[in-house]
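Each chain, written out:
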Amino acid sequence: MEFRNQILNGDCLEMMKQLPDNSIATCITDPPYNYEFIGRNWDVEEIKRRTERVQNSNTLVKNIPYGSGLAGGVRNERWYKKNRDNIVEYQKWIEDWGRELYRILKPGALVFTFNSTRTIAQVQVALENVGFYARDIIVYRRHSGIPKGLNVAKKLEKMGAENPEQWEGWHSALRNEWEAISVVQKPLVNNYIETLQQYNVGLFHAKTEEGFQSNIIENIKRDKNDDFNIHVTVKPMELIKKLIELSTPKIEGNIVIDPFMGSGTTALAATELGIDYVGIEIVDEYCEIIRKRLENLKQKQELEGEQQDLFSMIND
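Here's a quick rundown of the structure. (Residues numbered from 1 in each chain as written. Predicted model: local features only at pLDDT ≥ 70, side-chain atom pairs only at ≥ 80, totals over all residues. Heavy atoms only, no water.)

## With respect to the overall build of the chain
A tally of helices and strands in the chain yields nine helices and ten strands. Within the chain, contacts between residues at least 6 apart in sequence are counted, and of these 76% link residues at least 24 apart. In the form shown here, the chain has an accessible surface area of approximately 17,800 Å², with 49% of it arising from carbon and sulfur atoms. (Helix = DSSP H or I, 4+ residues; strand = E, 2+ residues; numbered from the N terminus. Contact = heavy atoms within 4.5 Å. Areas by Shrake-Rupley, 256 points an atom, 1.4 Å probe, with all protein chains shown as cover.)

See the structure below:
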């Protein structure tokens, strides 16, 4: 099957089964964080239903479908058991697609997986369980965190409790302004040099204009989404390009995969950098968004090319 620079519409586990062994250089992906989606129809309608339910909430993030333990309820034994069962199921689900990902990646290939601060440990452990080696956790600082959780003083005041002011400043959670990126690696062939010589992967391009890249990424500008892009968790183009440049040498045969392509930012970032990609997305509507975004990028590049040619002619 021809998969280079293609968007494959289907379940990532089944789609990856069609890809050859040791054929992919890098994986950059943003799977659903909400482990409660397992066993549900996690489609556009379900996401819309969940996001609409939190628009009037003062404690839930507005652009992310609720879940991941954020939902309320009495914190009894049953609640904690359900929460734990969901996390265990989520980890098993990551292992399911992680095994196929491991097979198709080149030795030394790096995997960057976005996830919440609450479940990033399960992502790392799940990928280690299928053979990957844990390298790091990258902090993507968003500067957009909002306080969430229970404001104890206000709650007690509404309840008519005595002296609620003594609990001023006490909350049930911290303001979260960063997102975790798990970094794992498929084992090397003996060492970095042999792996690099055989497969053209395995290292970080850590030199930047500012110096040496740290494991904190910040000051990333947010993109203005196209009107037709209904995806609720679009990652900034600059961020994905940075991860590709950090991990993927621009060499023939190096391909970046995103098994949860969403609205296609990984494909667009790779295209802008001149690196091949393969994207997998199960939601039909998102595949259409990806194709529109890629077509718009192609038209933009063609226009810029024509303008550059004209500029060159004028200056000759």
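## Quick word on the sheet that holds strand S9 (residues 255-258)
In spatial order, the strands read S1-S10-S9-S2-S3-S5-S4-S8; together these eight strands make up an open sheet with mixed pairing. One side of each edge strand has no neighbouring strand; the edge strands of this open sheet are strand S1 (6-9) and strand S8 (216-217). Bridge count between strand S4 (residues 133-141) and S8: two bridges; the pairing is parallel. Note that in S8 the partner of Tyr140 across the bridge is Ile217. In the packing of helix H3 (residues 77-104) onto the sheet, contacts are made with strand S2 (24-29), strand S3 (105-115) and S9, and the angle to S3 comes to roughly 150°. (Pairing = 2+ DSSP bridges. Axes fitted to C-alpha atoms, helices over the stretch in contact; angles between N-to-C directions.)

## Topic: the pairing of S4
In terms of strand pairing, S4 meets strand S5 (residues 178-185) through eight bridges, oriented antiparallel. Within S5, the residue paired with Ala134 across the bridge is Val184.

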